[in-house]
Amino acid sequence: VVLDDISKLDNVIYLEEVRANAGGTATLSFRMKNLAAIRGFQFDLYLPDGVTVVKNSKGRIMGELSEGRLPEEDEHSLTLSEQPDGAIRFLCSSQYDETFTGNDGEIATLQVSIPNDLTFGEHFVELIDIRLSETNISKHYDTPLVRSRLIVSALTPGDINGDDLVDITDYTGVA
């Protein structure tokens, strides 16, 4: 399943297309589209060769849950870990049977670093073995693969919003 086919799925996590400049950082925005009441999720993230996750001073991956879809006073926890094959494993659950609110929107973000020498153009980012679980843990929804795109361009001096143009928007942003 590729990102363009997400409309055909009812319970899935996907990644919006990301634009980034070589030598910079980017924020990956993971979204969940669901009809069921989802308590937790799991998937493995595969980044293009050379793209790495940003880590904090303690060496922990800089990713977090987004507040927009979390219940009030939420008790969900997110664990991110590097796997032997290079994947980043996302595990999220609520030990108190709380479910995510809404039916579509951002659930987590992850900071990545784009190397200076990454080829300009389109690269694939893959979410593998996605599982969304309901409060009844025997009820879950599996998607084997969702693919998105990372579009890498050269940094254009003065282009502060990364749209490959230097225009009034950039000027206003600088001012």
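Provided above is the structure to which this section pertains.
Parameters and conventions
Residues numbered from 1 in each chain as written. Predicted model: local features only at pLDDT ≥ 70, side-chain atom pairs only at ≥ 80, totals over all residues. Heavy atoms only, no water. Core = buried A, V, L, I, M, F, W, Y, C linked by side-chain atoms within 4.5 Å. Buried < 20%, exposed > 50% of the residue type's maximum accessible area, 1.4 Å probe, protein only. Helix = DSSP H or I, 4+ residues; strand = E, 2+ residues; numbered from the N terminus. Salt bridge = Lys/Arg side-chain N within 4 Å of Asp/Glu carboxyl O. Phe/Tyr/Trp six-rings, centres within 6.5 Å; stacked < 30°, edge-to-face > 60°. Lys NZ or Arg CZ within 6 Å of the ring centre and 35° of its normal.

Caption draft 1: Local environment of the nonpolar core. By size, the foremost hydrophobic cluster in this structure holds 40 residues, and its most contacted members are Ile-13, Phe-30, Phe-41, Leu-45 and Leu-110. Counting only elements with at least two residues in this core, the list comes to strand 1 (12-15), strand 2 (18-21), strand 3 (25-33), strand 4 (38-46), strand 8 (88-94), strand 9 (104-113), strand 10 (121-134) and strand 11 (140-153).

Caption draft 2: How the structure looks around the pattern of salt bridges. Within the structure shown, the criterion is met by 10 salt bridges. In this structure, Glu-17 and Arg-149 form a salt bridge, with 3.2 Å as the shortest nitrogen-oxygen distance. Here the residue Glu-17 occupies a position in the loop between strand 1 and strand 2, and Arg-149 occupies one in strand 11, the gap between them amounting to 132 residues. Note on Glu-17: relative accessible area 36%, which makes it partly exposed. Here Glu-126 makes a salt bridge to Arg-147, at a shortest N to O gap of 2.7 Å. With a gap of 21 residues between them, Glu-126 in strand 10 and Arg-147 in strand 11 connect regions that are remote in the sequence. Look at the salt bridges and you will find they share partners, linking Glu-17, Arg-19, Glu-122 and Arg-149 into a network.

Caption draft 3: Region of interest: the packing of aromatic side chains. Here the structure, examined in full by the defined rule, presents five aromatic pairs. Ring geometry for Phe-41 against Phe-43: centres 6.1 Å apart, planes inclined by 20°, an arrangement best described as stacked. Take Phe-41 and Phe-43: they sit in the same class, and that class is buried. Measuring from ring centre to ring centre gives 6.0 Å for Phe-41 and Phe-100, while their planes differ by 40°; the resulting arrangement is tilted. Of this pair, Phe-41 sits in strand 4 while Phe-100 sits in the loop between strand 8 and strand 9, and the two are 59 residues apart along the sequence. Accessibility expressed as a relative area gives 4% for Phe-41, which makes it buried. Within the aromatic cluster, the residues linked to one another by ring pairs are Phe-30, Phe-41, Phe-43, Phe-90 and Phe-100. Stacked on the ring of Phe-124, the Lys or Arg Arg-147 has its end atom at 4.9 Å from the ring centre.

Fair warning: the whole summary comes from geometry, so function is off the table for now.
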